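Understanding the architecture of this molecule
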Amino acid sequence: MTVTNSVGRPLNTLANLAENWRDVMHTIYADGGSDAEVKVALAIPPSRAISNMLWDDLQAREPEFSEAIREGRNLAEMWWQREGREGLFTCEGLKFSSQLWFINMKNRFGWKDRQEVEHSADRDAPPVFTLKIDNS
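Residues numbered from 1 in each chain as written. Predicted model: local features only at pLDDT ≥ 70, side-chain atom pairs only at ≥ 80, totals over all residues. Heavy atoms only, no water.

Side note on the overall build of the protein
Assigned secondary structure in the protein consists of five helices and two strands. Ordered by position from N to C terminus, the α and β elements of the protein give α-α-α-α-α-β-β. By residue count, 28% of the 136 residues in the protein fall in the buried class. When the accessible surface of the protein is split by element, carbon and sulfur atoms take 53% of a total near 9,900 Å². (Helix = DSSP H or I, 4+ residues; strand = E, 2+ residues; numbered from the N terminus. Buried < 20%, exposed > 50% of the residue type's maximum accessible area, 1.4 Å probe, protein only. Areas by Shrake-Rupley, 256 points an atom, 1.4 Å probe, with all protein chains shown as cover.)

Re the pattern of salt bridges
A pair can form between side chains of opposite charge whenever their charged atoms are brought close. For the coordinates displayed, the defined rule picks out five salt bridges. Across the pair Arg22 and Glu64 runs a salt bridge whose closest N-O atoms are separated by 3.6 Å. Here Arg22, found in helix H1 (residues 21-30), pairs with Glu64, found in helix H4 (residues 63-89); they are 42 residues apart in sequence, far enough to count as distant. Exposure remark for Arg22: the relative accessible area of 24% places this residue in the partly exposed category. The class for Glu64 is partly exposed, based on a relative accessible area of 43%. In the salt-bridge network here, residues are joined through shared partners; they are Arg22, Glu64 and Glu71. (Salt bridge = Lys/Arg side-chain N within 4 Å of Asp/Glu carboxyl O.)

So, the packing of aromatic side chains
Taken as a whole and judged by the stated rule, the model has three aromatic pairs. Where Trp21 meets Phe65, the ring centres are 5.6 Å apart and the plane angle is 45°; that geometry is what we call tilted. Placement of Trp21 in helix H1 and of Phe65 in helix H4 is noted, with a sequence separation of 44 residues between them. A single burial state applies to Trp21 and to Phe65, both of which are buried. An angle of 80° between the planes, with centres 5.4 Å apart, marks the rings of Trp55 and Phe65 as edge-to-face. (Phe/Tyr/Trp six-rings, centres within 6.5 Å; stacked < 30°, edge-to-face > 60°.)

Describing the environment of Glu37
Mapping Glu37 onto the fold places it in helix H2 (residues 35-41). Spatially, the C-alpha atoms of Glu37 and Met25 are 8.8 Å apart, while their sequence positions differ by twelve residues.

Observations regarding the confidence of the model for the protein
Residues of the protein with pLDDT of at least 70 account for 75%, and the chain-wide mean is 82. The least confident element of the protein, judged by mean pLDDT, is strand S2 (residues 128-134) at 61; the most confident is H1 at 97. (pLDDT = per-residue confidence, 0-100.)

Looking at unusual backbone geometry
Excluding glycine, a negative phi dihedral is what most residues carry, and trans is how most peptide bonds are arranged. Pro46 follows Pro45 through a cis peptide bond whose omega is 10°. As for its position among the elements, Pro46 is in the loop between H2 and helix H3 (52-61).

Structure, rendered in structure tokens:
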């Protein structure tokens, strides 16, 4: 079934995607892939990629699509966490940059460095500095 606007062309739905769209999506994410890679892989010809507007629209209208993206992003984050964990201990001759890995995790998955400083008006109280890393 194709949903239509009151004006204009029919809206794209999951039926417009390749039959195995969810498998394609999860394969890319399971290799640490990004939303951009998935958008290219799920392109509806003649487009070369799903537009950002269609991507957002499908998530809003199609709960199955939205859930598949959430699952996929979890797969990608798991892949990157495993790479970081293994890279810290077994580089197998390659240089592993924990700093570069952490920057990637912050940028892609919302990890944060958060520094909390407690300030006291009591002049005799010792300064208290707390560094918390928030990986939520």
